[in-house]
Amino acid sequence: MAEQNSKHKTMRGKKGLQSTKKIFSYIKDYLQEMLKAKRDGSKLIAWIGGPQTIPVEILHAMDILPQQIDSMAAVFAAKQLSERFIQITESKGYHHDLCTYYKTVYGYVLGGQDIPEVEGINWPEPDILLGSRSVCVLHPLGIRMLQRHFNVPTFIADDPLIHPRMDVHNEKDRWYKEHSTVGVGYKHPIKEYYLEYVKVQIRRLIAFLEDVSGKKLDWGRLRETVALSSKAAELFLEIQDLRRNVPCPVGAQDIMPLIGPGFYWAGLEMEVEIYQRARDEVREKVEKGEGAIPNERFRLFFEGIPPWYNLGLFTYLADRDAVSVAETYPFEFVHVMDPDRDPIDNLADKALRYMYNTSVQERSDLTLNQVEPYHLDGVIVWNSICCKIFTLFSPFMRYDLEKEFGIPTLILDADQADPREYNDAMVKNRIDAYLEMLDKRKQQKAV
Amino acid sequence: MSLNLQTEYHPDPSKNPALADWKRNGGRAIGCLCAMVPVEIINAAGLFPLRLVGNRETVERSREYFSNYSCYFVQSILESALNGGCDLLDGVVFSYTCDCIRFLSAIWEKVVDLPYFYFLNNPHCGNAEGAETFFMEEMKNFVNSLEELSGGEISDESLLDSIQLYNRLRSCYQRIDELRIGAKISGSQAAELTLYGLMSPPSIAVERLTRIISEGDFTPPAEGPRVMALGGVHPDLDIFHLVESLGGNIIADDFCMVGRCAEDEIDITEDDLLFILSRFYLNQRTQCPCMTTEGRFQRRLDYIMKKIKLGSVDGVVFTIQRYCDPHQLDYPDLSAALADRGIPTLLVEVEQSIYSEPIKNRLEAFVEMLS
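Draft legend 1. Molecular detail of the interface of chain A and chain B. Counting residues at the interface gives 53 residues for chain A, matched by 52 residues for chain B. Summing the contributions of chain A and of chain B, the shared interface buries around 4500 Å²; its carbon and sulfur component is 60%. It is Arg148, Lys388 and Leu392 of chain A that lose the most area in chain A upon contact with chain B, and together they represent 15% of the buried surface on that side. Joining chain A to chain B, the criterion identifies five salt bridges. For the salt bridge of Arg144 of chain A with Glu294 of chain B, the shortest nitrogen-to-oxygen distance reads 3.1 Å.

Following this line, the structure appears as structure tokens:
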């Protein structure tokens, strides 16, 4: 039975894959490794805000343990702890509207570590802080906020987003189908000085890490971690491709936890192992014709960050024959690279070309491009109200979807980590009404 | 004295007499959003660059395309454009200041029908290795784009003239700031003069402001609590007038459309003018809470403390736009730092209007406490 938070009636999700169920045990092991490193000082612990331009492949090649702000907050939320942590941060004057990932983690830092329920996810404090603007402006600003608190060595990479001018959309033959790609990043030419600038930032990062760790980067190891990261990305993207099958073999309940390995462990054998097992399971399900849910009627696309404290919503949807067959959020974390290329070139490419660094139009096109191959019936947006890059994107995408496909978008206000604003009854009512409408559309189409 | 400049400019471009005059004479104009846009280049192309600062009109149509979980500042600009409020502009240049402006630029390109659109990709970490070169390259592309629009070359001479013209304008702003901090003119007068400068063709603004300053026909503010105001963009003088109506005076601020305009002039000692501009914008604008430059927070605090000392400030009011996360993120540590130095602070959250009863009541109590 799903666990419930007494105040807000939120639920955990039910996972279908065996390999996904095991992820939390990997996280526990990783925590132990961090705690040991903190005790004996054998490895540095780095907290990261804004992935991609801070490639964890480099950190693993240097035996530095990465910890992502977003992942920490998501786990706290899934464990129903984020609300308390957010309240601690807000009591220090931080605004209600601010990013709840940062407020969750800062609340943990400012007092949340002392509560007993944190046992098992009691992440040790950072030795260094690393940040970049690769997702949003708030990430590096949040890292600066933590720097003021911890006063530890801090590095911020500056990185340019893909300019709308570079989009082929500015050309006359603009058409999303021909130009966008699913999950493998922005594929159009990027100006050389953009790549050069990001390469400078990555070299700066390496110099910083060498300085604080007192160890030189082993470039042979970096090549290995880049190759492993790329191999894992291929496996993860194969899972995404397999989800095009009808019925869809795996839903968001399993995909969302699978984000973690690409986020923390890109470049480690462990990441490849996890994705390989998951891929094998998904492949087997496709071969057997097994779906993620017993009666697949509605195939949905999910945009935005899910409310981590209530992944049980996916179960609610499953009970109504609706399955999430694709989401944008997981595409953030993996990137296929060329192992024969210079690793810095590879990582600069990964940093620049991933979807949250593209122009808004390109990101919208990525969604449009999934409508047909994934046989989408509808699109649901988790409108993470504290997050500018999602809340500001959703009306844009809704406009495009309606215009190009006539597909209606359901926008649900549900913060990623703060259950206080979440209204379970209203969200479920709106889901019910939306599915009813999709059902009618299907019936009309059938006639 | 009343400067009455409000009859000569307006935050909404369609109601801005300075813009209407310019257009009547066949000129072209470009809206700028926000302070990171190098206006010197636009002016050198023979175009009139004017800052977009939003307005207080009710937002309705923009809700169709834009989230209400964003600051009113950007929502009001989109609303104005959708209602024809930007029709006198030939285009708009967006810098990558914050994510609200980034997303505004994206939807703008799609639904606002103006001949020219540009997105200037500025670095956020001003002192990161490579940032100045990168921004210079971006400016080169910007120059090319403006040359295409204007149909003429932006020569080194015209760019140098433009930088020098804006230096004269900066010098006017500095003088206005000195008069204000010396309590020779009120906060609202200083803001009026500065906003006029941002929304008027620079050569006209320099001439007019120089004359006003040299005539010196100002009415000193009434004796009363001296307030410093911090925060984001205000489209008008409301906050200044409100504090004055309560018996106080905003003797200093760090608004990017008023106090921070009184910045250092651009040092033209190197040959490459675009590199000079790149360095200037990345270094001068580091107080903006959107910047991630090392030492930025301390620099902002130092600036505030300097003004507090110079103006014998009694208390600080934070006026923060709702959903403006860079300012919201600075607030707790900044207010704590001010409290540590014994300076009283007040936070007011701003959306459409500053004249709501709760804001007025809180400001009234604060000004009374400082009396």
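Back to the write-up after that little detour.
Draft legend 2. Representation of the nonpolar core in the model. Of all hydrophobic cores here, the largest spans 285 residues; its most connected members are Leu130 of chain A together with Trp108 of chain B. Residues contacting Leu130 of chain A, with those up to four places away along its chain left out, are Ala46, Trp47, Ile48, Gly49, Ile54, Leu59, Ile143, Phe155, Leu205, Phe208 and Leu209 of chain A.

Draft legend 3. Expanded view of unusual backbone geometry. Put simply, Val246 of chain A and Pro247 of chain A share a cis peptide bond, and its omega is 0 degrees. Inspection of the secondary structure assignment puts Pro247 of chain A in the loop between α10 (219–242) and α11 (252–264). The amide bond that connects Leu33 of chain B to the next residue, Cys34 of chain B, takes the cis arrangement and shows omega of 10 degrees. Locating Cys34 of chain B in the fold gives a position in the loop between β1 (28–33) and α2 (39–44). One non-glycine residue, Asp321 of chain A, lies in the positive phi region at around 65 degrees. Within the chain, Ala183 of chain B stands out as a residue other than glycine whose phi angle is a positive 60 degrees. For Ala183 of chain B, the location among the structural elements is in the loop between α6 (156–181) and α7 (187–198).

Draft legend 4. A negative patch on the surface, seen in detail. Where like charges cluster on the molecular surface, the negative patch consists of Glu153, Asp156, Glu157, Asp161, Asp271 and Asp272 of chain B. Here Asp271 of chain B lies in the loop between β6 (249–253) and α10 (273–284).

Draft legend 5. Local environment of the confidence of the model for chain A. Residue and element names in this part refer to chain A. For chain A, the average pLDDT comes to 89, and 92% of its residues sit at 70 or higher. Ignoring residues within four places in sequence, the model shows residues 1–6, a span with pLDDT below 50, making nine contacts including any to other chains. Note on residues 168–183: pLDDT under 50 across the span, and 41 contacts to partners over four residues away in sequence or across chains.

Draft legend 6. How the structure looks around the sheet that holds strand β4 (residues 116–120) of chain B. All names here are of chain B. As summarised here, the arrangement of the four strands in space is β2-β1-β3-β4, forming an open sheet in which the pairing is parallel. A single partner strand is all that each edge strand has here, and the edge strands are β2 (47–51) and β4. Averaged over all pairs of adjacent strands, the angle between their axes in this sheet comes to 20 degrees, without regard to strand direction. Sheet topology places β1 next to β2; five bridges connect them, and they run parallel. Bridged to Gly31 within β2 is Leu50. Sheet strands touched by helix α1 (residues 17–24): β1 and β2. Its angle to β2, the strand with the most contacts, is close to 165 degrees. Contacts from helix α4 (residues 99–111) reach β1, β3 (91–95) and β4 within the one sheet, and its direction differs from that of β3 by about 150 degrees.

Draft legend 7. Region of interest: helix α9 (residues 238–245) of chain B. All names here are of chain B. Burial in α9 covers these residues: Asp238, Ile239, Phe240, Leu242 and Val243. Where α9 is buried, its residues meet α6, α7, β5 (226–231), β6, β7 (315–321) and α13 (357–370). Two residues or fewer after α9 comes Gly247, characterised by a positive phi angle close to 100 degrees.

Draft legend 8. Region of the structure containing the sheet that holds β6 of chain B. Residue and element names in this part refer to chain B. Spatial ordering of the open sheet is given by β6-β5-β7-β8, a layout of four strands whose pairing is parallel. Two strands bound the open sheet, and with one partner strand each, they are β6 and β8 (345–350). Strand-to-strand twist in this sheet, taken as the mean axis angle between neighbours without regard to direction, amounts to 30 degrees. The pairing of β5 with β7 spans five bridges and is parallel. For Ala229, the partnering residue across the bridge sits in β7 and is Val317. Set on the sheet, α6 makes contact with β5 and β6; between it and β6 the angle comes to about 135 degrees.

Rules used throughout
- Residues numbered from 1 in each chain as written.
- Chains lettered and ligands numbered in written order.
- Predicted model: local features only at pLDDT ≥ 70, side-chain atom pairs only at ≥ 80, totals over all residues.
- Heavy atoms only, no water.
- Contact = heavy atoms within 4.5 Å.
- Buried area = accessible area lost by both parts, 1.4 Å probe.
- Salt bridge = Lys/Arg side-chain N within 4 Å of Asp/Glu carboxyl O.
- Core = buried A, V, L, I, M, F, W, Y, C linked by side-chain atoms within 4.5 Å.
- Buried < 20%, exposed > 50% of the residue type's maximum accessible area, 1.4 Å probe, protein only.
- Helix = DSSP H or I, 4+ residues; strand = E, 2+ residues; numbered from the N terminus.
- Patch = residues over 30% accessible without salt bridge, like charges linked within 9 Å, V, L, I, M, F, W, Y side chains within 5 Å.
- Areas by Shrake-Rupley, 256 points an atom, 1.4 Å probe, with all protein chains shown as cover.
- Lys, Arg positive; Asp, Glu negative; His and termini not counted.
- Charge placed at Lys NZ, Arg CZ, Asp CG, Glu CD.
- pLDDT = per-residue confidence, 0-100.
- Pairing = 2+ DSSP bridges.
- Axes fitted to C-alpha atoms, helices over the stretch in contact; angles between N-to-C directions.

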